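# Summary of the model geometry
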Amino acid sequence: MSRRANAIAAGLGLYVVLVMASYAVHRLAFGITGGPYPIWYSVGWEIFDAAKAVVPGAAAGWLCRTGAVRSGAIVGGIGGLIQFSAFLTLGVLNVIPFSGAPGRMILDIVVLALTSAFTNAIGAAAGVFLHDSGSSMQRA
Amino acid sequence: MSQRANSIAAGLGLYVVLVMAFYALHRLAFELAGGPPIWYWLGWPMFDAAKAVVPGVAVGWLCRAGALRSGAIVGGVGGLIEVLTFDVLNVMPLAESPGRMTVEIVVAALTSAFTNAAGAAAGAFLHDAKQ
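As a starting point, this report considers the structure included with it. What you see is a predicted model; the values in this text were computed from it and never measured. (Residues numbered from 1 in each chain as written. Chains lettered and ligands numbered in written order. Predicted model: local features only at pLDDT ≥ 70, side-chain atom pairs only at ≥ 80, totals over all residues. Heavy atoms only, no water.)

## As for the overall build of chain B
Rules: The helix and strand labels rest on DSSP assignments: H or I over at least four residues marks a helix, E over at least two residues marks a strand, and numbering proceeds from the N terminus. We take the radius of gyration over the C-alpha atoms and set the globule estimate at 2.2 Å times the residue count to the 0.38 power.
A tally of regular secondary structure across chain B gives 4 helices and 0 strands. What you see in chain B, going N to C, is helices and strands ordered as α-α-α-α. Its C-alpha atoms give chain B a radius of gyration of 16 Å, within 12% of the compact-globule value 14 Å for 131 residues. Overall size of chain B, expressed as C-alpha extent along the three principal axes, is 50 × 30 × 25 Å.

Printed below as a string of structure tokens:
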């Protein structure tokens, strides 16, 4: 595989790890407490959301400078699709009445993929910047 | 003001504009439509994504020096403004549980600082790449 493809694969892998980690938090919150969700659930969810927004893209940009913004967008877009499919399959999205509005599910998927692609493209640009800054500091 | 202070002010201004635009969307959804319609649920993640990185990108674009820290400042202060504004405007009333409010404020500020710091790094990179 080319270096760019490797970077995209690494970013996607990281995205999947973050999705599964947020699912673990979800299971822990609802599986153990069974009642209204605890405060650490909303805290953990927000932290994972912030991480999913930029970290996979930043990893892709850090690993390969060439076409970093596009690589980040690919990682975010596909990662968003994986996230939605995984959460739908695993029952995390049960609170949303998709069966009553099938069109809503499609729109939600598209919006999630687009917003994730956007933020991860920014993350990838940040990854390149940080990598370049680190390299120039090492040279100095 | 220095260029860095100007860029932080511009980023914060942008953050506030996004927060108020989201509030306008919220009012429109709940008062005109009588309940949250589908476009409200679609608009929410879009504003969230924009608030997460766009103010930071603006800061990094306007001033390269200390871009990461400036982005984190904009995100942190912007996150505080967001939570407090939404609490005051009753979008997300948190005053019923003060402990929860404190935690929510800290987490919102930290996550927003993190993503906007990344945004600022991206802004500096994109500005360099353009030149």
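The structure having been displayed, the exposition proceeds.
## Looking at the pattern of salt bridges
All names here are of chain B. What counts, and what does not: Only one rule defines a salt bridge in this text: a Lys or Arg side-chain nitrogen within 4 Å of an Asp or Glu carboxyl oxygen.
Evaluation of the coordinates by the stated rule reveals 5 salt bridges over all chains. Residues Asp48 and Lys51 are paired through a salt bridge, measuring 3.5 Å at the closest nitrogen-oxygen approach. One end of the pair is Asp48 and the other is Lys51, both in helix H2 (residues 38-62) and 3 residues apart, which spans about a single turn. Three or more residues are tied together by salt bridges with common partners; here these are Asp48, Lys51 and Glu82.

## Quick look at the interface of chain A and chain B
How we decide: The contact rule is simple, with two residues in contact once any of their heavy atoms fall within 4.5 Å. Accessible area that two parts lose when put together, with a 1.4 Å probe and added across both, is what the buried area reports. Each polar contact in these results corresponds to two N or O atoms within 3.5 Å; when the atoms are within protein, one needs to be able to donate a hydrogen and the other to accept it, and residues that are neighboring in sequence are counted only if both atoms are side-chain atoms. When residues are sorted by character, Ala, Val, Leu, Ile, Met, Phe, Trp, Tyr, Cys and Pro go into the nonpolar class, Asp, Glu, Lys and Arg into the charged class, and all the rest, Gly among them, into the polar class.
Opposite the 25 residues of chain A that make contact, chain B presents 27 residues. Summed over both partners, the interface of chain A with chain B buries about 2200 Å², with 83% contributed by carbon and sulfur atoms. Its largest share of buried area at the contact with chain B, chain A owes to A:Glu46, A:Ile122 and A:Phe129, together 24% of the area lost on that side. Our count for the chain A to chain B interface comes out at 0 salt bridges. At the boundary of chain A and chain B, one finds 1 residue pair in polar contact (both at pLDDT 80 or more). At the level of elements, helix H2 (39-63) and helix H4 (102-139) of chain A are the ones that each hand at least two residues to the side of chain A that touches chain B. The element best represented in the side of chain A that touches chain B is H4(A), accounting for 13 residues. Of the residues belonging to the side of chain A that touches chain B, the class tally is 18 nonpolar, 3 polar and 4 charged.

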